[in-house]
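Single-letter residue listing:
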Amino acid sequence: MNFNDLGDGRVEGFALVKAVEKKTSSKGDTYLDFTLGDKSGEINGKLWRYVPAEHGEYSANDIVKVRGTVSQYAGADQLRIEKIRTTYEADNVSFEDLVKSADYSSEEMFDILIDIANNFTDGELKLLVTTVYNDYKEKLMYWPAAFKLHHAMRGGLLLHTLSIVRLCEAVSKIYSFVDSDLLIAGAMLHDISKIEEFSVEGESGIVSAYSIKGNLLGHLTMGAEKIGEYAKKLSISEETATLVKHMILSHHGLPEFGAAVRPMIIEAEILSELDLMDARLFEMKDALQGVEKGEFTHQIWALDNKKLYNHQRTDLENKTKLI
């Protein structure tokens, strides 16, 4: 944990409450059992002799300032909390400071994507994309792109989407026969129903589970249904709606990877390949971080159980150049 060291084992700093439970000690006293976390890890915390009127009340996803003493218990660090409070505006602390977050602010990424859509020459695709994005703006500000794998971070869905859109723009410049508006619209909407697929803890961007609909339907099916609903509401032509729905349903490429159908238009094929490339590059970079030069990673399940070699010819800390 990135706490400030006050000496003699005492620390102070900000943390995210990942879990908290009211319990009773063997002496009959009430105490709070916390799981506190930040970008560096987690620690168990105990607030003994808990009195709500004195100490306040807390729940998961609160950001708190704590002071206490760290000691070892059962082979792990444990924080004996002396003082705790929720944060004030003047503390200038946000979720982005405490949880893994996208390299760019969500507001900036959202505005760029809306600006790209507003420049479509196809009026139907412009209306469809901008309407969907504005309707889901609040959740897009913090929604992750995955549970545990690529872009599983606060703002990860926008980061993954913007990465693919930038790749689509480059491909469209090279291959002039590609329908740029359709390709980019499909990229912007391909994962939109991950907003229904995951259960996310408040605005932290941390996925707690797949939703019931996420388990039963998945984001491809729900995404195609969503586009159908919006197309009807916005009087989008059946042809345009069908092409976009096809891109969503096929963007996993093959049925064994979850695709409802295989890509059958050029733009769907490109989207599928770029989606896979962005996800795999993220996994590769993530796996290589912390691996010494000249060493291999462990076998990576998400990359067909292969190992990666770290040549360290570049700085893995460099962020993607999207803006």
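Each remark here, short or long, concerns the structure printed above.
Note that this is a predicted model, so its numbers are computed, not measured.

Caption draft 1: Seen up close, the packing of aromatic side chains. Under the definition given, this model contains eight aromatic pairs. Taken together, a centroid distance of 5.5 Å and an interplanar angle of 70° make the contact between F147 and Y210 edge-to-face. Here F147, found in the loop between α5 (137–140) and α6 (156–174), pairs with Y210, found in strand β8 (residues 207–210); they are 63 residues apart in sequence, far enough to count as distant. Taken together through their ring pairs, the aromatic side chains of F147, F198 and Y210 make up a single cluster. Sitting over the ring of Y88, R85 keeps its end group 4.1 Å from the ring centre. Directly above the aromatic system of F296 lies the positively charged group of K307, at a separation of 5.5 Å from the ring centroid.

Caption draft 2: Highlighting unusual backbone geometry. In the Ramachandran plot, A74 falls in the positive-phi region, its phi being about 55° despite a non-glycine side chain. Within the secondary structure layout, A74 lies in the loop between β5 (63–73) and β6 (76–86). Since its relative accessible area comes to 75%, A74 is described here as exposed. The phi torsion at Q312 lies on the positive side, around 55°, for a residue other than glycine.

Caption draft 3: Quick look at the pattern of salt bridges. For the structure on display, the rule yields 13 salt bridges. Note that D91 is salt-bridged to R85, the shortest N-O span being 2.9 Å. On the accessibility criterion, R85 (21% relative accessible area) is partly exposed. We note a salt bridge from D191 to K194, for which the minimum N-O separation is 3.5 Å. Classification of D191 by relative accessible area gives buried; the value is 3%. We classify K194 as buried; its relative accessible area is 7%. Salt bridges sharing common partners tie together K23, D33 and K46.

Caption draft 4: Highlighting the pairing of strand β4 (residues 41–47). Note that strand β3 (residues 30–38) and β4 share seven bridges and pair antiparallel. When the bridges of β4 are listed, L32 appears paired with L47. Between the end of β3 and the start of β4, which pair antiparallel, lie two residues.

Caption draft 5: Spatial organisation of the side chain of H219. For H219, the position within the fold is in helix α10 (residues 218–234). Only 3.1 Å separates the side chain of H219 from the side chain of D191, close enough to count as a polar contact. Contact partners of H219, with chain neighbours within four places excluded, come to H190, D191, S193, K194, E197, I248, H251 and H252.

Caption draft 6: Here's a closer look at the pairing of β5. Alignment of strand β2 (residues 10–24) against β5, held across seven bridges, turns out to be antiparallel. If you follow F14 over to β5, its bridge partner there is K65. In this structure, β5 lies alongside β6, joined through ten bridges in antiparallel fashion. Paired with S71 across the bridge in β6 is Q78. Linking β5 to β6, which pair antiparallel, is a turn of two residues; within it A74 sits at a positive phi near 55°.

Caption draft 7: Spatial organisation of helix α11 (residues 238–250). Spanning 13 residues, α11 covers 18 Å between terminal C-alpha atoms, matching the ideal 18 Å at 1.5 Å per step. Listed as buried for α11 are T240, A241, V244, H246, M247, I248 and S250. Looking at the buried side of α11, the elements it contacts are α4 (123–135), α7 (180–189), α10 and α12 (266–288).

What counts as what
- Residues numbered from 1 in each chain as written.
- Predicted model: local features only at pLDDT ≥ 70, side-chain atom pairs only at ≥ 80, totals over all residues.
- Heavy atoms only, no water.
- Phe/Tyr/Trp six-rings, centres within 6.5 Å; stacked < 30°, edge-to-face > 60°.
- Helix = DSSP H or I, 4+ residues; strand = E, 2+ residues; numbered from the N terminus.
- Lys NZ or Arg CZ within 6 Å of the ring centre and 35° of its normal.
- Buried < 20%, exposed > 50% of the residue type's maximum accessible area, 1.4 Å probe, protein only.
- Salt bridge = Lys/Arg side-chain N within 4 Å of Asp/Glu carboxyl O.
- Pairing = 2+ DSSP bridges.
- Polar contact = N/O pair within 3.5 Å; in protein donor to acceptor, adjacent residues only side chain to side chain.
- Contact = heavy atoms within 4.5 Å.
- Expected span 1.5 Å × (residues − 1).

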